[in-house]
Amino acid sequence: MARPGSGVLVSVNGLGYPPQNLARVVVWEWLNEHGRWRPYSAAVCHHIENVLKGDVRGTVVLGQVDAQLAPYIIDLQSMHQFRQDTGTMRPVHRNFYEPSSAPGKGVVWEWENDNGSWTPYDMEICVTIQNAYEKQHPWLDLTSLGFGYLIDFNSMAQTNRQSQRKRRLRRRMDLAYPLIMGSIPKSQSWPMGASSGQPCSCQQCILVNSTRAASNAILASQRRKLHGGGAGGAAGGAGTMAAVRQSNTFPGTSLWSPSSTSSSVAGGKNNNISVGGGQAKAEQVQSLLSTANFPCSPVMPSLPSAHHGHHHALTINGQNNLNRPGTQRIAMGAARGSIPPGVPALPVKNLTGSGPVHPALAGMTGILMCAAGLPVCLTRAPKPILHPPPINKSDMKPVPGVNGNRRKTKKKHLRRGKNPEDVVRRYTEKIKVAPDEDCTICMERLVMSSGYEGVLQHKGIKPELVGKLGKCGHMYHLLCLVAMYNNGNKDGSLQCPTCKAIYGEKTGTQPPGKMEYHVIPHCLPGYPESKTIRIVYDIPAGLQTTEHPNPGKRFSARGFPRHCYLPDHDKGRKVLKLLIMAWDRRLIFTIGTSSTTGESDTVVWNEVHHKTEFGSNLTGHGYPDPKYLDNVLTELSAQGVGEDNLKD
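Report follows, based on the coordinates. It should be emphasised that the depicted structure is a prediction, and the values quoted were computed from it without experimental measurement.

Our next topic: the side chain of Arg562. Its place among the elements puts Arg562 in strand E33 (residues 562–567). There is no salt bridge for the buried Arg562, and the closest opposite charge comes from Glu599, which lies 8.4 Å off by N-O distance. For Arg562, the side chain forms a polar contact with the main-chain oxygen of Arg558, separated by 2.9 Å. For Arg562, the residues in contact, after removing those within four places along its chain, are Ile535, Val536, Tyr537, Phe589, Val603 and Trp605.

Here it is, written out as structure tokens:
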């Protein structure tokens, strides 16, 4: 797969390797929930490469190099990142870039988020921005990379092409990413201690090692079931020896000692599991897990003793099964089949974090119990409640104080363009003596001519004329305001690029569709005394027009009709009235790139959040959320739809 200015990536067994004798910069990346590959920092990548040189199937503890990444480990064999406190797994991969590119020079490009902190761009975008910066381009359009943003190097700002919202960006120097030549040496061994020959004894490494051993035990249990090795032992008959070779990636101590009789499982006097080079008693495993650095750690249950049977010595296989979703389920089925009546199933609950047991510890406890042959009851993650129970049409009532129950937007409702000069003159007044400060649109001094001189020509507006906006008082070249208006929706309104004050009635680029609203006889979580206002948006797919990113090209409309919910009380009805006004002004949706799927040319939300989850708040788009109504009022006000627009 080729990347712009980044070299070529070659994949071998999940790891990318550059051609022999060719220098490349290595960047490790993880896949986020939006399908975007996000880079690790240079320091983390150096750490991963160091571990990789020692063992290509080892495990990387990210907290050893970055304290903020303490919950995360990377399993190099399966190429997944594992979060220990939640159990979340994400794919990782290894990319290569030219030594002269941004990561090779230690250059990081970042944008300012809503919290005032800085977020690095994806590495592909960072490389592209750096290339344009080095070639002294005044601006860069990221549309070709699937992002509707314009980068202005003069003002060091990123502008959303749809909403015209600007964010600051910056370029900073950091540690250069690791540089390699040719292929990486093959696996040697799991990284050992400095001189003792023992694995690292820090809490994270102990947790990693025990998790790896337990997951390997699952595979051994699965193989016993598939090959019939454990059937006799389960019934109390002749013992079977199931010997599987030792793990290549974990030479740690054993979880259960063959000499231990207190950990016998029903069906055999010694159903022992030996992992790697040493031995440890079940009590040691209990102590190991109970002393792990978790907020609340339950003690491992003692295993019931048996009265008859034979030995079942089992050595752990080298496969790492931590990231195989079906393994635990198969092992649980095998374990249940091998337990005689009378042995209780031990539940391991609270995997969703709703109870006192830490989710990751509960999960690992279940893995260990499966490996020991005990039945385990795992609770499933709850599903969001998106819709209310079925409702008869006769139960849907009009919203009190709101006229009608639907709105439609058709092509005939679309706004008409207005003369740019007339719009600018309407909201500004001329300044005879311009102050000696910058025009934040063209970044030229106001006492000088506009930076758009020669680019735009308007008979009535000279390049040296300066105007002041009426409400906020910010000053710009009049020609710059004309250029800004021509680059926007041309709907007869202006928005101050400095303070975002809106002049006139702002409208958007929402495609045609319909909006319905009514009251249903159910209450939302957090509002037990109120019924619910349901809003239904429906927009069909169609063709983009001249106001959209790609005129003449089809746009998709995924997930319609979309159902949204508000509490039916005074404040909820006020929000509904403003949402109706925003719909009429075509501000609820726009056409752009989905932040969830990455799909371009599709209908997306336009910076006004809605609650689409009816009976839960698992996704963050539901109730209870005591601040939501105030937040959405603020968002609507930022679009020029404020409470002062409502008629008494």
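In spatial order, the strands read E24-E25-E26; together these three strands make up an open sheet with antiparallel pairing. Of all strands in the sheet, those with a lone pairing partner are strand E24 (428–430) and strand E26 (475–477), marking the two edges. Here the average twist between neighbouring strands, direction ignored, is 35°. Strand direction decides the pairing type here: E24 and strand E25 (residues 466–469), joined by three bridges, are antiparallel. Looking at E25, one finds that Glu429 is bridged to Lys468. Helix-sheet contacts for helix H9 (residues 420–427) involve E24 and E25, and the interaxial angle to E24 is about 85°. Where helix H10 (residues 478–486) meets the sheet, its contacts fall on E24, E25 and E26, and the angle it forms with E26 comes to roughly 85°.

With that settled, the discussion passes to the packing of H9 against H10. Packing of H9 against H10 leaves a shortest axis separation of 9 Å and a crossing angle of 120°. With respect to each other, H9 and H10 are oriented oblique. Remark: the crossing between H9 and H10 carries right-handed chirality. Here Pro420, Val423 and Val424 of H9 lie close against H10, whose contacting residues are Leu478, Leu481, Val482, Tyr485 and Asn486. Residue composition of the contact of H9 with H10, by class: seven nonpolar, one polar and no charged.

Hydrogen bonds between backbone atoms are what pair the strands of a sheet, whose relative direction is either parallel or antiparallel. Spatially, E12-E11-E16-E15-E14-E13 is the arrangement adopted by the six strands of the open sheet, whose pairing is antiparallel. This sheet does not close on itself; its edge strands, each paired only once, are strand E12 (118–120) and strand E13 (139–141). Neighbouring strand axes in the sheet, compared pairwise and without regard to direction, differ in orientation by 30° on average. Sheet topology places E13 next to strand E14 (residues 149–152); three bridges connect them, and they run antiparallel. Along E14, the bridge assignment pairs Asp141 with Leu150.

On to unusual backbone geometry, then. Residues Phe560 and Pro561 are joined by a peptide bond in cis, for which omega reads 0°. Across the junction of Tyr623 and Pro624, the peptide omega takes the value 5°, indicating a cis bond. Inspection of the secondary structure puts Pro624 in the loop between strand E35 (602–605) and helix H12 (628–638). The phi dihedral of Asp601 is positive, around 55°, even though this residue is not glycine. A relative accessible area of 8% places Asp601 in the buried class. Of note in the backbone geometry, Glu607 takes a positive phi value of approximately 65° without being a glycine.

Turning to the packing of aromatic side chains, a few remarks are in order. With the rule as written, the count across this model stands at 12 aromatic pairs. Measuring from centroid to centroid gives 5.9 Å for Tyr427 and Tyr503, while their planes differ by 50°, and the two rings are tilted. A residue pair is termed long-range when its members are at least 10 positions apart, and Tyr427 in helix H9 and Tyr503 in strand E28 (residues 502–503) qualify at 76 residues. For Tyr427, a relative accessible area of 17% puts it in the buried group. The exposure class of Tyr503 is buried, given its relative accessible area of 3%. The positively charged end of Lys471 is found above the aromatic ring belonging to Tyr503, 5.4 Å away from the centroid. Directly above the aromatic system of Tyr623 lies the positively charged group of Lys611, at a separation of 6.0 Å from the ring centroid.

Calculation criteria
- Residues numbered from 1 in each chain as written.
- Predicted model: local features only at pLDDT ≥ 70, side-chain atom pairs only at ≥ 80, totals over all residues.
- Heavy atoms only, no water.
- Helix = DSSP H or I, 4+ residues; strand = E, 2+ residues; numbered from the N terminus.
- Buried < 20%, exposed > 50% of the residue type's maximum accessible area, 1.4 Å probe, protein only.
- Lys, Arg positive; Asp, Glu negative; His and termini not counted.
- Salt bridge = Lys/Arg side-chain N within 4 Å of Asp/Glu carboxyl O.
- Polar contact = N/O pair within 3.5 Å; in protein donor to acceptor, adjacent residues only side chain to side chain.
- Contact = heavy atoms within 4.5 Å.
- Pairing = 2+ DSSP bridges.
- Axes fitted to C-alpha atoms, helices over the stretch in contact; angles between N-to-C directions.
- Parallel < 35°, antiparallel > 145°, perpendicular 65-115°, else oblique.
- Left-handed = near helix turned anticlockwise from the far one by under 90°.
- Nonpolar A, V, L, I, M, F, W, Y, C, P; charged D, E, K, R; others polar.
- Phe/Tyr/Trp six-rings, centres within 6.5 Å; stacked < 30°, edge-to-face > 60°.
- Lys NZ or Arg CZ within 6 Å of the ring centre and 35° of its normal.

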